[in-house]
Amino acid sequence: MNIRNVMQYENIDFSGIETSHFLLGLLSAFDNRFQAMADRNMKEISWKQFFAIICINLCKKPPAIKELAEIMGSSHQNVKQILLKLENKGFVTITVDPSDRRRQKVELTKYCTEFCNKNADMSDAILGKMFQGISDEQLKITIQTIIQIEDNLKTL
């Protein structure tokens, strides 16, 4: 792969950069750009807050904060701060699990569900534009690659 063809920045010398290093930098820069775009479009909440909502929705039952932190790939402390902000805005409730008083579980509110439904079309349009021209096969390969990188990261 010729990295020069991938990026059109005249002031950056890509010669000599390893493909794996380039990918890591590209993922980091993408994360920053995506977060900024999502923050602008979401208005009421940040991308990180919306990501927490997405992850809660993935769970079959209300997750504990520790479980949610693992899913999000973040620390318990960071996720707790995100959830407290969401709770203050009426998007989630955080309750003590009656079967284990040390465990706090997180549930989405009706207000959150209404917010998600109201913003679904905008979200779908953004994702449609982002993934325009990318085949399902390309997406599957990208997903497999990132999962493998994540598995390798866990061994460090």
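Structure first, text after, so check above.
Bear in mind that the values here come from a model prediction, so they are computed numbers and not experimental data.

Definitions and cut-offs
- Residues numbered from 1 in each chain as written.
- Predicted model: local features only at pLDDT ≥ 70, side-chain atom pairs only at ≥ 80, totals over all residues.
- Heavy atoms only, no water.
- Helix = DSSP H or I, 4+ residues; strand = E, 2+ residues; numbered from the N terminus.
- Buried < 20%, exposed > 50% of the residue type's maximum accessible area, 1.4 Å probe, protein only.
- Pairing = 2+ DSSP bridges.
- Core = buried A, V, L, I, M, F, W, Y, C linked by side-chain atoms within 4.5 Å.
- Contact = heavy atoms within 4.5 Å.
- Disulfide = S-S within 2.5 Å.
- 1 Å grid on protein atoms, 1.4 Å probe; cavity = no way out; pocket = protein on both sides within 12 Å on 5 of 7 lines; lining within 4 Å.
- Points joined across faces, edges and corners; volume = space filled by probe spheres on them.
- Nonpolar A, V, L, I, M, F, W, Y, C, P; charged D, E, K, R; others polar.
- Expected span 1.5 Å × (residues − 1).
- Salt bridge = Lys/Arg side-chain N within 4 Å of Asp/Glu carboxyl O.
- Polar contact = N/O pair within 3.5 Å; in protein donor to acceptor, adjacent residues only side chain to side chain.

Asker: Is there a simple way to explain the overall build of the protein in this structure?
Answerer: Across its full length, the protein carries 7 helices and 2 strands. Beginning at the N terminus, the succession of helices and strands in the protein can be written as α-α-α-α-α-β-β-α-α. On the principal axes, the C-alpha backbone points of the protein span a range of 60 × 40 × 30 Å. Here the protein, with 156 residues, has 24% of them falling under the buried criterion.

Asker: Looking at this structure, how should I read the pairing of strand 1 (residues 92–97)?
Answerer: Bridge count between strand 1 and strand 2 (residues 100–108): 6 bridges; the pairing is antiparallel. The residue bridging Thr-93 from the neighbouring strand is Glu-107, located in strand 2. A loop of 2 residues connects strand 1 with strand 2, the two strands running antiparallel in sequence.

Asker: Sorry if this is basic, but what is going on with the nonpolar core here?
Answerer: Across soluble globular proteins, nonpolar side chains show a tendency to be buried alongside one another. Ile-45, Phe-50, Ile-53, Leu-83, Leu-86 and Phe-91 are the most contacted members of the largest nonpolar core, which has 26 residues in total. Listed by contribution, the elements that provide at least two residues to this core are helix 2 (19–42), helix 3 (47–58), helix 4 (65–72), helix 5 (76–88), strand 1 and helix 6 (110–130). Setting aside residues up to four positions removed in sequence, Leu-83 forms contacts with Ile-56, Ile-65, Leu-68, Val-92, Ile-94 and Val-106.

Asker: For this particular structure, what's the right way to read the state of the cysteines?
Answerer: As used in these notes, a disulfide is a covalent bond between sulfur atoms, one from each of two cysteines. Per the stated rule, a full pass over the model turns up 0 disulfides. Cys-55 takes part in no disulfide bond, and the closest cysteine sulfur to it belongs to Cys-59, at a distance of 7.5 Å. No disulfide involves Cys-116; its nearest neighbouring cysteine sulfur is the one of Cys-112, lying 4.2 Å away.

Asker: Looking at this model, I keep getting lost on the layout of surface pockets. Mind explaining?
Answerer: To find leftover empty space, one rolls a probe the size of a water molecule over the atoms. If you add up the space inside the largest pocket, you get close to 2200 Å³. Lining the largest pocket are 48 residues, with Leu-27, Phe-30, Asp-31, Phe-51 and Ile-146 sitting closest to its centre. Of all the secondary structure elements, the ones that give two or more residues to the lining of the largest pocket are helix 2, helix 3, helix 4, helix 5, helix 6 and helix 7 (136–154). The residue inventory of the lining of the largest pocket, partitioned by class, reads 32 nonpolar, 11 polar and 5 charged.

Asker: I keep staring at helix 2 and nothing clicks. Help me out?
Answerer: With 24 residues, helix 2 should reach 34 Å at 1.5 Å per residue; the first-to-last C-alpha distance of 33 Å fits that figure. Those residues of helix 2 not exposed but buried are Phe-22, Phe-34, Met-37, Ala-38 and Met-42. In the segment just after helix 2, Lys-43 is the residue with positive phi, at about 65°.

Asker: Can you help me understand the pattern of salt bridges in this one?
Answerer: Between side chains of opposite charge, a pair can form when the charged atoms approach closely. In the structure shown here, the tally under the stated rule is 4 salt bridges. A salt bridge links Asp-97 to Arg-103, with the nearest nitrogen and oxygen atoms 2.6 Å apart. Relative accessible area serves as the criterion here: at 9%, Asp-97 is assigned to the buried category. Asp-100 is the partner of Arg-102 in a salt bridge, and the nearest nitrogen-oxygen pair spans 3.1 Å. The exposure class of Arg-102 is exposed, given its relative accessible area of 75%. Residues participating in the shared-partner salt-bridge network are Glu-67, Asp-97 and Arg-103.

Asker: Explain the side chain of Asp-97 to me, please; I cannot follow it from the model alone.
Answerer: Mapped onto the fold, Asp-97 is located in strand 1. Of note is the side chain of Asp-97, whose polar atom sits 2.8 Å from the side chain of Ser-99.

Asker: Got a minute to help me understand the environment of Val-96 in this structure?
Answerer: Examined against the element boundaries, Val-96 turns out to sit in strand 1. Residue Val-96 is classed as partly exposed on the basis of its relative accessible area, which comes to 36%. Sequence separation between Val-96 and Met-72 is 24 residues; the distance between their C-alpha atoms is 21 Å. For Val-96, the residues in contact, after removing those within four places along its chain, are Arg-101, Arg-103 and Gln-104.

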